[in-house]
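Results of the structural survey
Residues per chain are reported as follows:
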Amino acid sequence: MASTEPWLQENGSVKRLTKESRHGHGHSRTAHNKSSSSLRRKSDMTLVSKVPCSTVRNFLANLQEVILGTKLSVLFVAIPFAIAAQYFGFARPWVFSLSLLGLIPLAERVSFLTEQIAFYTGPTVGGLLNASCGNATELIIAIFALKEKKVDVVKYSLLGSILSNLLLVLGTSLLCGGIANLSTEQKFDRKQADVNIALLLLGLLCHLLPLMYRTAAESTTADALSTAKATLNLSRASCIVMLIAYSAYLVFQLWTHRHIFEGPEEEDEDDMDVSNEETPVIGFWSGMIWLIGMTAVISLLSEYLVDTIEEASTSWGISVSFISIIVLPIVGNAAEHAGAIIFAFKNKLDITLGVALGSATQISVFVVPLSVIVAWIIGIKMDLDFNLLETGSLALTIIATAFTLQDGTSHYLKGVVLLLCYFVIGASFFVQISPTDPGTNSMNMRFKSSEQRIFRV
Amino acid sequence: MCIQPLLHSRSDTDRCRFRMFAANVGKVVFETRLLVLYPAIPMAFIAHYYRFNRPWIFGLSLIGLTPLAERLSFLTEQIAYFTGPTVGGLVNATCGNATELIIAMFALHKRKIHVLKYSLLGSIITNLLLVLGSSLLCGGIANRNKQQKFDHMQVDANTLLLLLGLLCHIAPLLFNLTSIDPPKLDRTSVLQLSRASSIVMLLAYVAYLFFQLKTHTQLFESQEDQHDDNDKETASIGFWSALIWLCLMTIIISVLSEYVVGTIEDASETWGISVSFISIILLPIVGNAAEHAGSVIFAFKNKLDISLGVAMGSASQILMFVVPLCVTMAWIMGINMSLDFGLLETGCLAFSIFLTAFTLQLLGHASLSNMFPLDPSKFEAAAAPVPVGASSSGATASAEMEQKKEDPEESSEDEGGLMGLFD
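Keep in mind the model is a prediction, meaning the values are calculated, not measured.

1. Section: the overall build of chain B
On a plain count of helices and strands, chain B comes out with 19 helices and zero strands. Relative to its full complement of 423 residues, chain B shows a buried share of 51%. Of the contacts made within chain B by residues no fewer than 6 positions apart, 82% connect residues no fewer than 24 positions apart. Carbon and sulfur atoms make up 66% of the accessible area of chain B, which amounts to about 19,900 Å² in all.

Below is the structure:
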């Protein structure tokens, strides 16, 4: 499809890619990758082209494109520091924060790589690839936390991702976009938002039912063990339903109703500082190898994160639930967040909504049930019963977002309200005080963890 | 009118000034339909000083508060003529809920936190359900042959604020419900959360004021210039006299509010109804009586924007301004007041907000607020694009179609089935 040395085609100076194509590529892929593309920058190949040996030159160019092709590349240095900190036994909170910092550019690079690979595989598979790997960081953190049997960290971090996408990313985007475009009226297409909200409501229902079932069963003093088993089975069945819904959503988005998701973007592609190239910058196999490598590094850092979360919470004096719900998702979503804000500034709200809502839907209806099923396979009892406060926050978030987006226009007050909702939810988790006992698995003794409830009997 | 030639005596000047003063007093005090309730005020004072039964003091104070609240809104309207629309709107908004604010401050001072919470909650629910409901009902009955429209942007902004306020109430409630520790140990966390949420709510209200009065005034002023066509642009009384009357009325309201808050338990025992019922239902009806009447009257005149602005604006002001202000004052005074209003109360608040939001959603999209949506005159009008005809329904329908042409976006978003007729 593309030559292996595209950078040598145009007078020795590189024409960078990331100009999203309109030749039938799904808008969902475009929206997601467009947001990250604003963080890319031109790679200056003049230095590399002076290297005489061609294979070494190719390799170095590849390296430069992948590692240095983003404005976040300065954070890459945190990765070796994190690994060193782990091996030399530095203070655990340092390992935690360095791993956090290192994850930010990695998440962005993974999305870049999936976009590159998608050029080779065609739009549909590309869309699928993006749909699965768009939130790879959250998925990997969840799987590692499951491995260490920290079910609460999994639940809180996934919930925090949904809240962060719906309130923080959307709120700051609408706020900045509203302030920057005070004189113009900001509109967006409702249909995309409606589809996403419908799926989010389905996910909310699947969370509410186990919660209500457990509350009702506890009040009638039924046998706690059988209640827990029933809740677990209900959760697992709901997860299968959610995955079916997600595959239906993918069929809808990438195949039958693609035109809804492809916004009117043909006319103003030139004001972005990207070229009109459709060719990818790196080869297919090099993309795959880089992807596998990056995923391995993400796994390593996630393992450090999950290991050291309690020590970090103790030494910083904030609860583990706050770290899981607020801090981790901000890190995982940082690149998308920046991109969404930039597009809101340019009054391209459809893309912003595609990023924020699409990500939230993906986590709610895909990553969460996938975690439950992985836990099922491993033999860990994870159910969909997030606690009352968390589920209540989620419900109000979805309702507030649905209400905000239902009329198809936007102004900065909407962004202010969503952002303030996020602050209130953050404050309510901030004031939870966790016990200083790093030896236990569950973090908040004041609140019944799902594990304790099941294993206590 | 008092420019007399110098040849006349001073008694004429005095008589002239007295006439002016009498006219002033007449305008302010006596030009109200609630005149009959005025005697309750001195009777309340007498009851307090001569130590009549406490329930009598309560009842008389309640009755006396009603005309005072109405006169207060009249005075603020007069002041608004002098200060311009922006500051005038702000003054109107604040003083519209002055009665609730004063009652709340007295309850806080006397450490009756439950009365405070219930009365504020009752104000919100009264505004959202009672005032709005009766306005829509009366307006719908009176205008059943016409189409009633309102602008949904203002309603949307208000509803967003209400949802944020609801979240700030639900978070401490869920916090208290889920903790397995005894509630006493949780008090600090819930208090901190409530205080932080109060600051958030005040910030949101300031942003809303900025939005309403500064950057997006065009959304809120669409109907304002229509409703003043029967009022003259000049005020009836002078600025300083209005201000003096305002202070005077506020002092009397404060005294009566103190009586009300002091005697509420005795009244509840004697009358056999709970304090919470009195606080949630009776007190807000009294405090909101003037706004209620005004809202219904504007709905009669088919000016729904103003009715909605009054009702929802008042509700969001109490929820996002008065409640966090009370929490902050309690913080300063050292009283432990949290935003946890109890499960039943918060549930009622949540459902009120959702019900109002969805009702106005449906109405805003269908642009119909009459009770009989299948009015046959509308079907005929849809078939006649040119406005011909002497029948009032025909003329009205053509006016609707003119509006539809000017507002293509709204018709494209309409999902009510009837709107397809007008395309």
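2. Describing the pattern of salt bridges
For the structure shown, the criterion picks out 11 salt bridges over all chains. For aspartate 407 of chain A, the salt bridge is made with lysine 414 of chain A, and the minimal N-O distance between the two is 2.8 Å. Assigned by exposure class, aspartate 407 of chain A and lysine 414 of chain A land together as buried. Close ionic contact of arginine 54 of chain B with aspartate 266 of chain B constitutes a salt bridge, the shortest N to O distance being 3.0 Å. Taken together, the residues span a long stretch of sequence, with arginine 54 of chain B in helix α3 (residues 54–83) and aspartate 266 of chain B in helix α12 (residues 264–271) at a distance of 212 residues. On the basis of relative accessible area, arginine 54 of chain B is assigned to the partly exposed category, the value being 39%. Note on aspartate 266 of chain B: relative accessible area 26%, which makes it partly exposed.

3. Details of the interface of chain A and chain B
In this assembly, 34 residues from chain A lie in contact with 43 residues from chain B. Buried area between chain A and chain B, summed over both chains or domains, comes out near 3,400 Å², and the portion from carbon and sulfur atoms is 75%. The interface formed by chain A and chain B includes zero salt bridges. Joining chain A to chain B, the criterion identifies two residue pairs in polar contact (both at pLDDT 80 or more). Ranked by the residues each element gives to the side of chain A that touches chain B, the list is headed by helix α16 (residues 412–430) of chain A, at 12 residues. Among the residues making up the side of chain A that touches chain B, the classes are represented as 21 nonpolar, seven polar and six charged.

Rules behind the numbers
Residues numbered from 1 in each chain as written. Chains lettered and ligands numbered in written order. Predicted model: local features only at pLDDT ≥ 70, side-chain atom pairs only at ≥ 80, totals over all residues. Heavy atoms only, no water. Helix = DSSP H or I, 4+ residues; strand = E, 2+ residues; numbered from the N terminus. Buried < 20%, exposed > 50% of the residue type's maximum accessible area, 1.4 Å probe, protein only. Contact = heavy atoms within 4.5 Å. Areas by Shrake-Rupley, 256 points an atom, 1.4 Å probe, with all protein chains shown as cover. Salt bridge = Lys/Arg side-chain N within 4 Å of Asp/Glu carboxyl O. Buried area = accessible area lost by both parts, 1.4 Å probe. Polar contact = N/O pair within 3.5 Å; in protein donor to acceptor, adjacent residues only side chain to side chain. Nonpolar A, V, L, I, M, F, W, Y, C, P; charged D, E, K, R; others polar.

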